[in-house]
Structures are given as C-alpha cells and as structure tokens.
Amino acid sequence: MTATSAPASELTANSRDIRPGRIIIWTLLLIGGIIMITPLLFMFSTSLKTSGQVYDLRLIPAAPTFDNYLRVLGDGRFMRWFLNSTFIALTVTLSNVFFDSLVGYTLAKFEFRGRYFIFLAILSTLMIPTEMLVIPWYLMSSQLGWIDSYWGIMFPGMMTAFGVFLMKQFFEGVPNDFLEAARIDGLNEFTIWWKIAMPMVVPAISALAIFSFLGNWTAFFWPLIVTTSRELYTLPVGISSFSAESSIQWELIMTGAAIGTIPTLLVFLLLQRYIVRGVMLAGLKG
Amino acid sequence: MASVNAVPQARPVRFWDRLNIGTKRVIWAWAFLAVPIAFYAGIRFYPTFQAFWLSMTDWDLLSPPRFIGFANYQTMFADPVFWKVFNNTFLYLIIGTPVSLAISFLIAYYLDRVRFLHSFIRALYFLPFLTTAAAMGWVWRWFYQPVPIGVINGFLSTLGIAQQPFLRSVDQALISILIPAIWAGLGFQIIIFMAGLRAIPGTFYEAARIDGLGDWAILRKITVPLLKPTTVFLVVFSSIGFLRIFDQVYNMTSNDPGGPLNATKPLVLMIYQTAFSSYQMGYAAAQTVVLFTILLFVSLLQLYVLREKK
Amino acid sequence: MAKIELQGLVKDYGKTRAVHGIDLTIKDGEFVVFVGPSGCGKSTTLRMIAGLEDISDGKLLIADEVVNQREPKQRNIAMVFQNYAIYPHMTVGQNIGFGLYTAKLSKAEKKKRIEETGQILGLEKLLDRRPAALSGGQRQRVAIGRAMVRDPVAFLFDEPLSNLDAQLRSQMRMEIKSLHRRLGTTIVYVTHDQVEAMTMADRIVVMRDGHILQVGTPTDLYENPRDVFTARFIGSPSMNMVDGTIASGVLSTDGAQVEGLTLPAHQGKVLVGVRPHDLMVTDDVDGAGLSARGEVEAVEPLGSETLVHVKLGASQIIATAPGRVVPPIGSTVSLKAEANSLYLFDAASEKALGRA
Amino acid sequence: MAKIELQGLVKDYGKTRAVHGIDLTIKDGEFVVFVGPSGCGKSTTLRMIAGLEDISDGKLLIADEVVNQREPKQRNIAMVFQNYAIYPHMTVGQNIGFGLYTAKLSKAEKKKRIEETGQILGLEKLLDRRPAALSGGQRQRVAIGRAMVRDPVAFLFDEPLSNLDAQLRSQMRMEIKSLHRRLGTTIVYVTHDQVEAMTMADRIVVMRDGHILQVGTPTDLYENPRDVFTARFIGSPSMNMVDGTIASGVLSTDGAQVEGLTLPAHQGKVLVGVRPHDLMVTDDVDGAGLSARGEVEAVEPLGSETLVHVKLGASQIIATAPGRVVPPIGSTVSLKAEANSLYLFDAASEKALGRA
Amino acid sequence: VEIEYWQYVFDSRVQAMDQLIAAFQEANPDITVKHTTFPYADYQTRVVAAKVAGEGPDVVQLFYGWTDQFVKGGLIQPLDPEVFPYDAIEADFFPIVSAMKRGDSYYGLPTAVRSLALFYNKALFAEAGLEAPTNLDELLAAAEATTKRDGGGNIISAGITMDMAGQDHHWWREVLIRQNGGEPYDAEGNVAYDSESGAAALKFYTDLQTEQKVGQVGFMDEGQAAFRAGLAAMTIDGTFRLGAFEANPFEWGVVELPADANGMRSNYSSYFANAIGATAEGEELVAAQKFLQYISSPEAMEIWLDVVGELPARRDVALTKANLADPILGPFLKGLDYAHTTQFYDEAAQRQTAIDMVNRVLLEGQSIEDSITAAATAEQAIIDAGRQ
Ligand SMILES: Nc1ncnc2c1ncn2[C@@H]1O[C@H](COP(=O)(O)OP(=O)(O)OP(=O)(O)O)[C@@H](O)[C@H]1O
Ligand SMILES: Nc1ncnc2c1ncn2[C@@H]1O[C@H](COP(=O)(O)OP(=O)(O)OP(=O)(O)O)[C@@H](O)[C@H]1O
Ligand SMILES: [Mg+2]
Ligand SMILES: [Mg+2]
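Keep in mind that this is a model prediction, so the values were computed, not measured.

**Quick look at the UniProt feature "domain: ABC transmembrane type-1" (unreviewed entry) in chain B**
So, step 1. Under the feature "domain: ABC transmembrane type-1" (unreviewed entry), the UniProt entry names residues 86-302 of chain B.
So, step 2. Across residues 86-302 of chain B one finds 71% helix and 0% strand; the C-alpha atoms that close the span lie 19 Å apart.

Spelled out as structure tokens, the structure:
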C-alpha cells in the first residue's frame, strides 16, 4: 500500500486538530462509552452484593462481598461449565475457520458451474430462523445418539454462512499469482489453500475467529435443549440454572455472567485491532 | 545443479492424468465443497423443507403429524394476535435498523478521528456485544423502573420531566425493548463501520478539501457514498437481526412474555411460544414460513434498492 | 532444458477466442520475448505453456513430448510473475526453498541449494528476512530464485519488471540477461515494453489480437518490420508515418519532399515511415532522402538529444536534434532523413513494401 | 495565476524533520518540477503548498500573501494525485463538476464549464461514464479536468503519471505540457522520473533528504550539475563515474587514459563523470579526451543505438555504439569521450569541480 | 436396572431428592436412579423434546397444571391400581390430589403440596402501628397505612404487591371470585366468572391501583422483588417462596389469606406431582413404580419438609400439631383445608388471559365488564382446545 491510501484519519491528524471541537467530541464519545457500559457496571455491582442486597439498586454496594464469586467458582460444576464452554467455543471456532475458509476460498477462487448458486444457497441460510430448526435437529441428534454429547452441542454451528461470506470476500482479494506460483511449484490445490492462501488472510481469520468465539461462548438455546447432564452444560446454561421456579438468584447469575464476560473481554482486547483490519480488508463488496 | 524434478517419463498414465487442467480444478472444487454441502443440506436445508411440510400439518410433537393443507395459515391470518405481532416485527425493523445504523455511523465517524485513548473508547462501545442477553435484560428492566428505583425515570425527574411507564405501557414498551437491542448490537456495527471508513483512501478526502468542501459536504458527498458496500452489509445483517429479535424481548418481559398485551411480541417469540409452550409445531412451522418469507423478501428488497447502479 | 513447440495453439474463453492457433518453435536455450499491446494474448499463451490454463486446441510439446494434459509440476517449468508472487508470510529462504517443495531432497541438501541460489542472486544476506522488508528489485530476485532453485527446463516470465521503477528496471534487465547466459535455460518472456524486448531477446515474437505478426531477432524487427504495427511497436519513440502516394514510380507525400529514392514497384496510397532518430533537425537538407519544414509544437530535451515535435500537414511527427539544441516552440525548422532510412507500407493492407 | 514563494519552509513530523527550511520562488506561470529520490520530501513540500499539511516553520506566500493558516480552498489551488483520487461513485461529468462545488455558478453555467473542460481534455464522449469504465490515461485526464475546471491560481501534481504505462506516460506528458502552454497557470509538479523532469520543466528543483540541492533549467542541470547526486540523477542512462586522482595538474584514472584536458585547480582524489552518450565505442581514440579499452560484458541494442556495458577496472561503465553495431559479448572494445564532455567532482565532498 | 428421574433445578429440591435416592437405593440395591435436572424455565420444553426423540424419563416431575398436556402427549402413563390402590390415595392425600385424575385413572402423586398466604413486612407494619390483616377490609386499611408516596403521588413503597404473573391470578380466580359469591368454573369445568361476582373481584383487584393507589402493577418488576427489597408491605405468595425470603434483611410474618366480610376464606393449592413416563415398561416400570411409591411415602415427605420446606401431601403427615403451631407453616397448612385447585389445560396460556385482563383495564382503560368477558372468552377457547 502506498502512503496515499493510508487511512484518512492519520493524514488529517494534524496538530491543528487539537481544537475545542475535537475535545468536545472526544468528551462526548467518552461519555457515550461510559453510558454504554453502565449496564455492565450494574452487572459487576450486583455480583458483589448478597442476595438480601440485590434489590438495593445502588451502583456501589453498601458492603461489597466476593462471596458470590467464591460460591460460584468454588462450585466444581461452574469450573466444569467454564471449561465446557471454552472447549466448545474453541472447537467450533476452529471448525468455522477451517470450513468457512475452505468454502469461501473455493467460491472465490475456483471457476465452476453452480458456484454462484452454492454461494446464494449458503447465504440464504442466514434467513432461516434457528428456532425453526431446533426440533429437527433434536430429532436428528437423538436418532444418531448425539444427545448429551459435546458433538451434539457443537454440530449445528460447525459452519456458518457469515464466515463463508467474510472469507470469500477476503480470498477474492488474494492475487491469483500467488496461487499459480504455488501450482507451478507443484503444490496440490489443498496445500495451496492451506499453505499459501490461508496465511495471507490472517486478519480475516482473526476477525472470523473472534466473532465465532463470541457467538458460541454465549450460545444458550441449543446447548440447553441438547444436554441432559449437568456436567455437559455450557456456561450460559449453567448460569441460568441458578434460576428456579419464579425465584431467580440474580446475584449468582450476575456473578456468573461477569465471570463469563471476562474471557471474551480478554479475547476482544487482545485481538480488537485485527477485527477492524480484518473487516476492513474484506472491503465488504456486498 | 542437477535436475531434481525431471519429468517422470515412464509413468503409467492414470485416469487423473488424462483429465484437463480445468476439469481437475472443478473436481478439486467439488471435493472441497463436499463436506460443507452435505452439512448444509443435512443441517440447514433438510430441516427447512421439513418445516415447510410441517406447516401443512397439525403436528403437536406428541402425535404423528397429519396433513391439513393450509389450515394453519388460515388460522394464522385470522388471528388478530398474529397481525399485532406481524406489526411489531416490522416496527422493530423499521425503527431499529435506521436508528442503530445512524447512531453507530455517527459514533464510528467521530471515533475514527479520535487518537487519544482510541482503543479504550472503542472497547467501551464494543463491550455490550460481549454480554449475555439474560443478565443484561434484567439490568435494563431495572433501569426502566419508576422512581425511586429506576435510573432513567430518576434522571427524567431531575430534568423535571414526568415519569414514563416504559415497559408498562402499550405504547412505549416496544421502544423500551428496542433500546437495549440496539445497545447490544451497536459495538459490532461501529467496528464494521470503522473498518469501512478506514478502507476509504485518504486522497479522496484530500482531493475534496482542495476542492473546497467542508466537513459536512465531505461526509455527504464522499464518505457516505463510498461507504455504501459497508452500509449494504450492515443494513442487511441488522435487518435480519431485528426481524429475528428474541433474546431482549424474552428476557425483558419474562413475567409476561411479549407483553403487556402483546405490545412487544415479535414473530420469533410467538413462534417460540407456539412451539415450546403450546407445542403446536405445525402452527409454529407455518409462522416460521412466514418469517422466512419476510426475511427473504426484506433482504432481497434491500439488496435491490441498494444495489450498485451501473 | 528443452525445446518448446507450439503447434496451432488455440485458447477459447467461452465463445471468445483469445489465441488463434499460433505456431512457434522455441529452441533449447533460447530467450524468446513476446511483445504486443494489452490484451493480445501474451499472458494467455504463456499460461498455456506453464500449464495454468487448459489448451483449447493444438499441441504443446516440451522436449518433444506432448504435454497438453500435464500438470504444471509435471512439466517442470518455472514461472515468475509481475507482482513477484513471493509469499509474504515466509522468509526469503523459505520462499526460495518453496521451489523445492516437491523435490525429494534431504533438509541439508535443500538448504545447500537455497544458499547456492541466494549467492547467485546476491541474496545471501537476506535469507532470513521477510519480503515486506525488501525492495522491489530484491523481491523480484527472490521470485527468480524460487524459480531457479529447482533447475527447471524453462523459465516463463510474465512482465516481471513492470512494477519496478525505471532505474531498477534497467538493472534487473541486465541481471536476467546475464542469468540466462550463465544458466543457458530456455526463457519465454512476456512484456509490453519494447526496450525490454529489444535488449533481452534472442528472438522477439510480436503478437496482436491472438495472432503472431512477426518473429525475428531484435535487429531484424527493427530493420525489417513486416507491417506498420510492428514498425511502430519496435523502436522508441515510435516510427513517424507520413501519408503518401506512389504514382507511376513517383512518391509524393503530405507536406514533405522526397528525392532520389529507389522505390518498390507499387501503385497507390502508401505510408512512409521514418524513425525519429533518422529524422534530424538540420539546415543541411540536400541530397537523397526525405526533407520537410514545419512548425515546432513541442520539444523534449533529454540532455543527450532533444526530441522535436513538428507539425507536418495535418499530423505531428517527431524528429531529433542534438542534445544542446532546443529549437523554440513556434519556430520553423527543417528536417532531413537520409535515403534508405525510409520504410514504405501499403496504406490499405499496412504491409511492408520495403525500404527506400 | 500567481507567484508562489517558499521562505525557509520546514516540516516536522513529531521529532523527525522531513523538510529542512527550503527557499524557492516559483514565478507566475512557471512549470517547476521537483525531483529527488523516494522520501526526500517532495510530496511533503507539495502538500504544504496545497494546505494539506501544516507548515511547521517558515512562510508560504501565494500572490505575495502569507497563506500559512489558510485552508486549501482559500488558497484556490488545484491538485492532482498519483492515484487520481477520482470518485468511483460519480460519473466523469460529476467528477469534473466537483471542482466547482463551492463555485457560485448556476447549473447551466456549471454544465457549460464541465463540457468545455471535457472538450479540452478529449473527454466529451465520456462525461456520463463511471470511472471504473475508464482507462488509466482517461482517469488521469478526469483528475486534471477536475483541477482545471475552476481556474485555480496554480496546479500541483504529485507523481501523476507513475501509475501509467510507458506509452501513455509519454503521451500524457505532452498533454500536460501543452495544457500548461495553453492555460499559462503556475504548475508545481513532483516526480521521481528524470525524463518527465527534463521534458516538462521550466525549472527543475532537485531535492535530497529534505534539502534543495540545485535549482535550474533542465539544460542547466544536465550541463552543469552541482554535485555527483544531481549529475547521476539527471540523464539516462546515468552518468558513469570513474575514480581518478589529480596530482600536480595531471589527472590519472583507474583504467582509462586522459589526454589534453584543461583541468581545474584541485589536488587529490576526484571522480570523473562521463555520460554514456558521450562515451562512444569507436576505433578512433585519438585526440583530446578520455579513452579506454575494456571487455564487453553486456549489450543492449535499442535499435537506434546500442548501449554497451564495458568492464573498466573494478567497475562497469556504459558506452554507446551506433544502432546497427552490436559488439559481441566478451570482445574488447575501445571507448572515447571527447574533451569537454568530462565532469570532474571532488571525491570527498562530491561537489562539482567543473568540466574538462 | 437403571431408571431415570427428572425434575427442574432448585438447590434444595435437588438435595432432597439426592437424599431420597440414596435411601431408596440402599433399600433396593438392584435399582439405580439417575437424577437429571433442567432449569425451570425450559423444563417443559426439555421433556417434550425428549419425548419426540423417544428418550423420556421413567419417573418425571410435573406441575399438576401440565397434566392434560402430558397425558395428551403420551408423556406419562396411568398409575396401575394394583400397585397404587386408588381408594387409599383418596383417603390419605389432600383432596387436591384429584387434579391428577383423568377419567378413572390417576396419573401421578405429589410428594409435597403448596398453598398461598399473605406475607407481611413486620417492620413496616410496626412503623404504622398495625397488626396483620385478617379480612379484606383490614387488608385495604393496612395497605393504605403502609403505602408511601413521593411529592408527585408516585408510590415509593407499596402497600401490597400487584403481580398477576405471580400468584395473584390464583388469588383472583380461586379466592376473590368466590369471596364475591361467584365461581371461577362451573361443574363441567367451563369458565363461569363472566358474571357480576367476577367483575366485582376484578374491580377489587384493579382498584388497588386505580382507586386505593396502594399498589402498582410492575412496581419493582416483580411482586416478590418489591417485598424482598422491603418496598412493599404485603405480598401474596406461596410456600415455595419461603426459601427466597429467608435472606430478607428484615422481619416478616405470614398469615392466612384474608377472609371476606362474612369471614369466608378460600385458598389455592398446587403441587408438583411425580408421574411414570410413558416409555417405562417391564423391569423399568416395576422399578419406577417402586421409586414413585417411595417418594410419595410419609418418610419421603418428612425429609422433603425438612430439606425443602414444602408441605407434605398426606394429611396425616402434614397436619401434625407441631406443624400447625408453626408460625410460618401454620397459615399455609390451614389454607390447605379450604383450598381449591384449578384444573388447568394450558397453565401458561390461562394465566396469560388473567394478565391481559388486568392490563386491558389498567393500560387501555377498558371497562371491567368488557375485559372480563374478553378474558372469559379467551380462556374458554383454551379450555375447549385442551379438551379436544
Ligand atoms: N479468464 C479469462 N476469461 C475470459 N477472457 C479472458 C480471461 N483471461 C484473459 N481473457 C481475454 O483474453 C485476451 C488475452 O488476454 P491476455 O491476458 O493474454 O492479454 P495480455 O497480452 O497478457 O495483455 P496484458 O499486456 O494486458 O497483460 C484478452 O482479450 C482478455 O480479455
Ligand atoms: N505522516 C507522516 N508522518 C511521519 N513521517 C512522514 C509522514 N509523511 C511523510 N513522512 C516522512 O517524511 C519524509 C518525506 O516524505 P515524502 O512523502 O515527502 O517523500 P517523497 O519525496 O514524496 O517520496 P516518494 O517519492 O516516495 O513519494 C519521509 O522520510 C517520510 O518517511
Ligand atoms: Mg498479461
Ligand atoms: Mg511522494
């Protein structure tokens, strides 16, 4: 990239730009950001309250306590749920990265009849409400013995249309020369994809990985349906089991939610610049 | 240097070697697609077609489905609740999509120019995207409480504005639910918009400045048109999101799902209730077919309206 | 190293024919350059030789074997691309080593060959760098290294220098040429830069619209272009063309005088070609040849010489003045081209009629 | 139209200084070209003139007014960018009309001016097309049209031709030049292509590392470079440099013979510069000047002349042979440069010592 | 044999059941019981989904209001009269067990039952100098005295909670209607509250907000939350809430639901029953029957009372002196005597009709009569659909 196509913001970031207008905008943005996280602050605040104080809605608890955390974390089941969620989110993410990339690559870089049709067909799955599929999925799982297994939780999400779309956009930006050079070097098509094309779209892969991880980390409905033993609960299902018949232990739910937010928060903070870059390079050509 | 890759001479000519290069590539392509196609066929399309068929039956989960033609559809179109829900769903769409896009664009536009603490502020906006709807729905319910508990009403009354019923009003409830829904998705949209903004080459702005355009004119004439691919993407994805709104409604009206008086009930919640509280699977399937049709229609319409004019 | 034969090679993209059955024999060790305007089918031909495109019709022989159905790797041909196509995620050494991907060599042997290749190309110090930290010329050298390392029977180059700036381009030109002398491998080289073609080729193939117009050594094409297209394409600045008519053995031209020439036997409209370097701005317009006077419309002083754009009749022609002479714009100058520096073409068919 | 004055113009990016206080007066209607290697500060200077970058120190005057604090639009300057910066979402007509965005003109008047501009640039048939359907040259013309349409006091061009191929480049060169003649507007033009600089400039400004090395007409710079850098930068191929020593009025060089020259008063190591076009491959080596013999390492036949790379001592120099002469590689040739075609430089400071 | 037992997640219930299972397995070493639990909110979905897949449990817990759906869906099978003599059931259990009877067959037996009572905040009552109300007039007076309002007349602490989504719809249906001289359902089980007494009951309820202004629907989101937060003086709730209220940072008391002017009382009782899954047969059926017998035995009920705090379903286990004297259990147990049990066809949908009925009056200003007619029509439709 030449200097001329550098982001506009960097070029316009003159010293002149430290002006009252800028400061006001900055302040407004910061205030907006703080408003954005207020609900999260309440979540953390509630997680520091005892069950008797839950309805005392002050942001700063009168007597903050880490009991809820001790209780939640001390419970072996919670750790198990946490690990389940991690394992499931990671596995599904890996699968997404692998398959979505493979499909996106094939649709972007191979010429064959039916290519556009397949792309449209995959995209059209975005329009099918998942709620519509739960019962057929459940039937299928039970016939194939996938109920109450990790695989049963994971299989519906192993590939996503969003990922295919994203990766296709990206691979279209990879110059054919690279692939042809590899072809001449004697690589087969699979190796070309894996060894040449994939490393060139790392930003896209990170973006996809983050979205996929976040999506699966918070998945609730299907894991709830397909698991029977508590050992296999994912974190959100586990957290929601803190609720009982019309009596919900909000302080525990908030604690669980708070703990559950931390990994995604870390993932995001570590990788956020890749998301922007990733999506940016995709160019979203519609 | 000796030749390491001499052309193998006396190799038996296998079938594979007799194929054209183009043919081989097509075979590779289908080989790559084989597993995904099987996946999509089995996990997405087959159940979908099943749903189409089920919508013509009276399946209640418990006894085997019986074909009843379009009876479910007749029931549905005669049901005032369905039309209310239908209406709600469109309200979510036509308020939610433009409002959330406008807000996220505005924030992205200005955030993009902020250098100081840039990623920190960006993270603030993205954080809600990381949370679970159940926990956040509860917090928002409390925000909407009347005084002395409700933060928003408290704020309004310090401004001297009358208390608002929010979730306890047939007029305001839908908007009150839309706000957290927009809130939760804002971070994602901001990130996408920022990526789109950054992909616009800086020389376009410089050229426009030299042509004498002010900030506002640049925004209108350069930024917005050049951002169109991003906008199309977001419009389509966020419309799908709002048409499929469920989590926020379900969690914020858990005592009276979709209430009060169905004022907030979207189609997906109706489907959920029909299927998993009343177990009228056939009827629910008919509703999903309607939802599917709406989704398809709206997305195609948007793609058509926002298409690249040649 | 091997002979490459193209026999009636055809390429169809759907209904449009990009290459119309071309025949060519490239001798073992020869450096052949394909030139032609954009879209004439140069790359397509090259890619058919490489095995990246299917051959729609005709035969391709490498070392006397028909290889139409063979995969690129089985043809053992190396290719260098315009944008280098070196992998950004690998070091220089890994990039070069990638040419040995399918070679059955031990690690140590591979390493040795990578180092050898690096040395030949002056990359020995850069083997651990990433491409991002290389200059354009170095990247191109890496790409060549990857092609060289496995000792292919032929190198194919597709406009390898067009992303480089002028200075680097002329340097790399020399390097590739000397590499060819050293390795003796057959090279097929595509460019649309006639300077590259002239300076590097053993033989030049001029293509247009999927056809071969002329094949010959650079001097051959420069001296004896077979038609207007080749004449204008080879040589820089392009040959000037002046409308003229031969009537009963007398050539009259639009705005210029012609004297004492031996004309070919032809009647009717012709185009008289004269190269800018043969058309001098001078006051001495006597003697056989073409002479003219015209108004100066533009000058391009290049230091060693000055190109003078002169209005001649309805058109503009380019003449040369010595380096330190810069005629003022608007002034009128006299031009002179010696006998035997004129090229005559039939105006209708644009075919060459011979020199005069 | 206006005079532009740079008085001690400085640009700092954070702690690094990109432009070190340059002084220059650009006369009204002058065509000034900035040349220099990549990163020398050409663009930065141009952008300060345009008002796209803040001026860290010094003064910028346009038409005798200090404009340091003015916005680009207030300076009424037009700029053409390397990647054209024409908006993909607008038609050609709209793009050109965009230059009139702030102009207080009626719709009809705007339309008229757009059409006029389109006509001048030969775009009249393309006004309704989108940029995606244009060739590179046409895009560049649209960019120029947008700059022209509002009649600015000066045009700034930042490497406007470097995305074009050679043929188009030389054509556009002529067009810009003739546009300048027609409009008479001041032009500041940045390039790193010395041919562009030589052929277009009224005056060339040679920059290096944020400093101006030399300002002068093209001929001036070609004939009287002030230092080695300018000497090698101007002229193509670059000037050959041969190590030499002047000791008590006698010049001895590494591998060459020098005879009958008037030397400047200087003692010690020198560099002897000789342009390839002044160094001929010839058997007639008698007379004053520089002569040498060496082995041919490479030849580049260009048709009208042949560049011959000759090994001389440890280095290689380029000489010229007439078009039809192509000395075989490995043979030994004699070279001759006439007296007064040699440039002498002090080896240490690289400053010019004069011609010989 | 291994049999599977399903119930929803609730800590003390899970504990109690684990205890029962341990004891049962000790007595029947050849049987193992797999204890599976699901979050309450999705319990039914899970059961139905399992049935579709043919994976049902052998013994399953269900709310008595779901019985019709479970029976209709073939999720559960009738109890074998050989093993569970019906006359013994009717003799030993509270009469509300009859809600598990369809046709001639019983479909399940409860371990514990629950009833409603009035919870009151002793601190707020002391502040107002009041005793716990015994009838509706006193209730209104106490509510008025304990309601706190800000300058704008907004309630900042409610006299009584109003939450139809909670237990109030039972209070209205089985208590208030009867106290106004009506009946919620006629002998055939059809809706009978579209009457003056129904309207009077509804008016009494909505007046709490519109006339007396002592409560507000949606205040503090849920009634129980307002009470727990100490921002409501009274709430009507069930036995199952005792655990949640334990942590309240103030003292509270329980009294029977207020009587009407004539001293007439009513109550609503409900329970979770245990039933035998439709898929159980052979060996597993026998084991399931044994297990069901055990968990509805007096021994199990005592354990349940200890651990969970829910009332035993057998009269003799429940109505002991000690229990009746208990200041907290006492009022609930007394309520059982005159409690009614609504026969639900679709509990959630029927509750929804009540919620909507109140909302129509409060939010849309519909008249009491129109609203109750609409509610009656809607509920009757649900009942009709359920009977098909
Ligand atoms: N994949 C393709 N599908 C359809 N037509 C193609 C394809 N590739 C090339 N063509 C067409 O074939 C013709 C020859 O193209 P080719 O790339 O060989 O030209 P070229 O001589 O290499 O031009 P350039 O100098 O621009 O690289 C062109 O008309 C081009 O439009
Ligand atoms: N925005 C910037 N921030 C920091 N340094 C910069 C910036 N822009 C340019 N520079 C530095 O200033 C110096 C001059 O850059 P400039 O772009 O003017 O060079 P140039 O002569 O135009 O080179 P080129 O021929 O490559 O365009 C370079 O060293 C460059 O790295
Ligand atoms: Mg090509
Ligand atoms: Mg620059």
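**Concerning the UniProt feature "transmembrane region" (unreviewed entry) in chain B**
All names here are of chain B.
So, step 1. Residues annotated in UniProt with the feature "transmembrane region" (unreviewed entry) correspond here to residues 26-46, 90-111, 123-143, 173-197, 226-246 and 284-306.
So, step 2. Taken end to end, residues 173-197 comprises 100% helix and 0% strand; its first and last C-alpha atoms sit 35 Å apart.
So, step 3. Helix makes up 96% of residues 284-306 and strand 0%, with an end-to-end C-alpha separation of 32 Å.

**Quick word on the interface of chain C and chain A**
So, step 1. Every contact between the two is made by 23 residues of chain C and, on the other side, 16 residues of chain A.
So, step 2. Carbon and sulfur atoms supply 63% of the area that chain C and chain A bury against each other, a total of about 1,700 Å² over both sides.
So, step 3. Its largest share of buried area at the contact with chain A, chain C owes to Tyr 87, His 89 and Tyr 101 of chain C, together 28% of the area lost on that side.
So, step 4. Connecting chain C to chain A are 3 salt bridges.
So, step 5. Close ionic contact of Asp 185 of chain A with Arg 146 of chain C constitutes a salt bridge, the shortest N to O distance being 3.5 Å.
So, step 6. The interface formed by chain C and chain A holds 4 residue pairs in polar contact (both at pLDDT 80 or more) in total.
So, step 7. Among the elements of the structure, helix H1 (42-50), helix H2 (72-75) and strand S6 (77-80) of chain C are those that each provide at least two residues to the side of chain C that touches chain A.
So, step 8. If one sorts the elements of the side of chain C that touches chain A by residue count, S6 of chain C sits on top with 3 residues.

**Focus on the packing of aromatic side chains**
So, step 1. For the structure shown, the criterion picks out 97 aromatic pairs over all chains.
So, step 2. Ring centres of Phe 82 of chain B and Trp 83 of chain B lie 5.1 Å apart, and the angle between their planes is 75 degrees; on these two criteria the pair is classed as edge-to-face.
So, step 3. Phe 82 of chain B gets classed as buried once you look at its relative accessible area, which sits at 0%.
So, step 4. Ring plane angle 75 degrees and centroid distance 6.3 Å describe the contact between Trp 171 of chain E and Phe 204 of chain E, whose orientation is recorded as edge-to-face. Of this pair, Trp 171 of chain E sits in helix H7 (residues 164-179) while Phe 204 of chain E is found in helix H8 (residues 196-210), placing the two residues 33 residues apart along the sequence. For the residue pair Trp 171 of chain E and Phe 204 of chain E, the accessibility class agrees, reading buried in each case.
So, step 5. A connected cluster of aromatic rings, assembled from ring pairs, spans Trp 6, Tyr 8, Phe 38, Tyr 43, Phe 63, Tyr 64, Trp 66, Phe 70, Tyr 271, Phe 272 and Phe 344 of chain E.
So, step 6. Here the basic side chain of Arg 146 of chain C rests over the ring of Tyr 87 of chain C, its NZ or CZ set 4.7 Å away from the ring centre.
So, step 7. In this arrangement the basic side chain of Arg 13 of chain E is found over the ring face of Phe 272 of chain E, its NZ or CZ atom lying 5.2 Å from the centre.

Analysis parameters
- Residues numbered from 1 in each chain as written.
- Chains lettered and ligands numbered in written order.
- Predicted model: local features only at pLDDT ≥ 70, side-chain atom pairs only at ≥ 80, totals over all residues.
- Heavy atoms only, no water.
- UniProt positions renumbered as here; feature names shortened; annotations may be inferred.
- Helix = DSSP H or I, 4+ residues; strand = E, 2+ residues; numbered from the N terminus.
- Contact = heavy atoms within 4.5 Å.
- Buried area = accessible area lost by both parts, 1.4 Å probe.
- Salt bridge = Lys/Arg side-chain N within 4 Å of Asp/Glu carboxyl O.
- Polar contact = N/O pair within 3.5 Å; in protein donor to acceptor, adjacent residues only side chain to side chain.
- Phe/Tyr/Trp six-rings, centres within 6.5 Å; stacked < 30°, edge-to-face > 60°.
- Buried < 20%, exposed > 50% of the residue type's maximum accessible area, 1.4 Å probe, protein only.
- Lys NZ or Arg CZ within 6 Å of the ring centre and 35° of its normal.

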